[in-house]
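# Notes for the structure review
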Amino acid sequence: MLKSALKTLTVAAMLAGSSLSAVAADYTLRATANSNENDEDYDGLVVFKNFVEAASNGAIEVELFIGTQLCSNGAECLQGVAGGAIDIYISTSGGASGIFPYVQVLDLPYMMSDDRIAEHVLSGDFVRTMRAMALEDSDNTIRLMTVGNTGGWRNFANTKRRVAAPADMEGLKIRTVVADLPQELVKALGASPTPIPWPELFTSFQTGVVEGSKNGITDIMGMKFPDAGLQYVTLDGHAYMGALWWMSNEKFLSMPEDMRRVVVDGFHALQQATFASPKRKSIQAYEDFVAGGGDLYVPTPEEKAAFKEAASPVYDWFKANVGRGGEIFGALEEAVKAAETDINGARDADVN
């Protein structure tokens, strides 16, 4: 009897708690990521949800939709954000480039040298500049909240040989997305860009349709590309894999200032989580790659400088051919110089 009564009281308390939570939530944020629960994007959203719901004392509820439940690609998802059907969405630069072409500045090669520089740049005024541009170009409907990471750094990988210099890229068929900038980069390095849909890439390696790609190690190992013959990875780190986190500007501004502050702090926590997640996940991925017979090559500073020099025509192409490209390139260049001054100054102070 007592056991039954306690069970009844427990259920009643749970129902009451859920009812109170529902009543207490003044704002509901629908957040989506076209990925899966093993991805850095999901890690970031879990941190965001936990932080925002706790810091708002339940006034904000965050609903997560992982995969393609709400939308299936960048253009469709961003239209959902603009129209108010989606409150929060994460895209790659490629996924958002159809609407905001200048975000491809994050894909420009060899602009940022390491994690500390990249994280400094993406935590400062450069992102605010890009936010202002996106708000202007979307009639104040789509707000860039922060830029995190989704997979570490892009590196060149191939099935044929070790790549230690730009000359080693000559003639390789490198998989790219259907976008001009990555194709211009591959051509500048003497290789042949070959657009291939992501789901077809494994088979394309096996059959020789393509011989290389430009991916992060977690993607390479997650997709089991070494089993298809991808055995050479050069850690040239030509692009930081930025993740752009967008929010409905109308939904954001509909909140009082104290709740907007909670959301802003939540995106900061999310950003920090996505900065950290690839670092941890890549450790095992690199170990597994080498254990499977993979050749992992780290270019010397001189070799990396040679790659940057060979790729430099892409900068002029970007400024001349991408809408507002010169404007955003200048902002990134300035932010990188400031970050290098700050970070290298801190390094010198800590070393001595």
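About the criteria used
- Residues numbered from 1 in each chain as written.
- Predicted model: local features only at pLDDT ≥ 70, side-chain atom pairs only at ≥ 80, totals over all residues.
- Heavy atoms only, no water.
- Disulfide = S-S within 2.5 Å.
- Buried < 20%, exposed > 50% of the residue type's maximum accessible area, 1.4 Å probe, protein only.
- Pairing = 2+ DSSP bridges.
- Helix = DSSP H or I, 4+ residues; strand = E, 2+ residues; numbered from the N terminus.
- Right-handed = clockwise from strand over helix to strand, strands pointing away.
- Phe/Tyr/Trp six-rings, centres within 6.5 Å; stacked < 30°, edge-to-face > 60°.
- Salt bridge = Lys/Arg side-chain N within 4 Å of Asp/Glu carboxyl O.
- Axes fitted to C-alpha atoms, helices over the stretch in contact; angles between N-to-C directions.
- Parallel < 35°, antiparallel > 145°, perpendicular 65-115°, else oblique.
- Contact = heavy atoms within 4.5 Å.
- Nonpolar A, V, L, I, M, F, W, Y, C, P; charged D, E, K, R; others polar.

### Some points on the state of the cysteines
Summed over the entire model, instances satisfying the criterion amount to one disulfide. Across the disulfide, C71 is cross-linked to C77 (sulfur-sulfur distance 1.9 Å). Judged by the sign of its S-S torsion, about 105 degrees, the cystine formed by C71 and C77 is right-handed. You can call C71 buried: its relative accessible area is 1%. On the basis of relative accessible area, C77 is assigned to the buried category, the value being 0%.

### Topic: the pairing of strand β5 (residues 173-176)
Remember that side chains alternate between the two faces of the sheet whenever the strand is regular. Note that β5 and strand β6 (residues 192-195) share four bridges and pair parallel. Bridge pairing in β6 links T176 to P195. Following the backbone out of β5, through helix α7 (residues 180-188) and into the adjacent parallel β6, one traces a crossover that is right-handed.

### A look at the packing of aromatic side chains
Taken as a whole, this structure holds eight aromatic pairs when the rule is applied. Relative to Y240, the ring of W153 lies with its centre 5.0 Å away and its plane at 75 degrees, an arrangement referred to as edge-to-face. A residue pair is termed long-range when its members are at least 10 positions apart, and W153 in strand β4 (residues 142-158) and Y240 in strand β8 (residues 232-248) qualify at 87 residues. Judged by its relative accessible area of 3%, Y240 is buried. Taken together through their ring pairs, the aromatic side chains of F100, Y102 and W246 make up a single cluster.

### Thoughts on the pattern of salt bridges
Oppositely charged side chains can form a pair if their charged atoms are brought close together. In the structure shown here, the tally under the stated rule is 14 salt bridges. Ionic pairing is found between D114 and R347, a salt bridge with its closest N-O pair at 2.9 Å. Taken as a pair, D114 in the loop between α4 (93-96) and α5 (115-121) and R347 in helix α14 (residues 325-351) lie far apart in primary sequence, 233 residues in all. Looking at D114, the relative accessible area reads 22%, which means it is partly exposed. With relative accessibility at 26%, the residue R347 sits in the partly exposed group. Each of the salt bridges in this network shares a partner with another, and the network as a whole consists of E136, D137, R324 and E327.

### Some points on the packing of helix α13 (residues 313-321) against α14
Running from N to C, α13 and α14 cross one another at 130 degrees; their axes reach a closest spacing of 6 Å. Relative to α14, the element α13 is oriented oblique. For the pair α13 and α14, the contacting residues are Y315, F318 and K319 in the first and G325, G326, I328 and F329 in the second. Here the residues of the contact of α13 with α14 are counted per class, giving four nonpolar, two polar and one charged.

### Things to note about the pairing of β4
Here β4 lies mainly inside the structure; 16 of its 17 residues are buried. As paired strands, β4 and β8 are joined by twelve bridges and run antiparallel to one another. Across the sheet, A157 pairs through a bridge with V233, a residue of β8. Judged from the four bridges that link them, β4 and strand β7 (residues 212-215) form a sheet pairing that is antiparallel. Paired with N158 across the bridge in β7 is G212.

So yeah, pure geometry; function would need other evidence.
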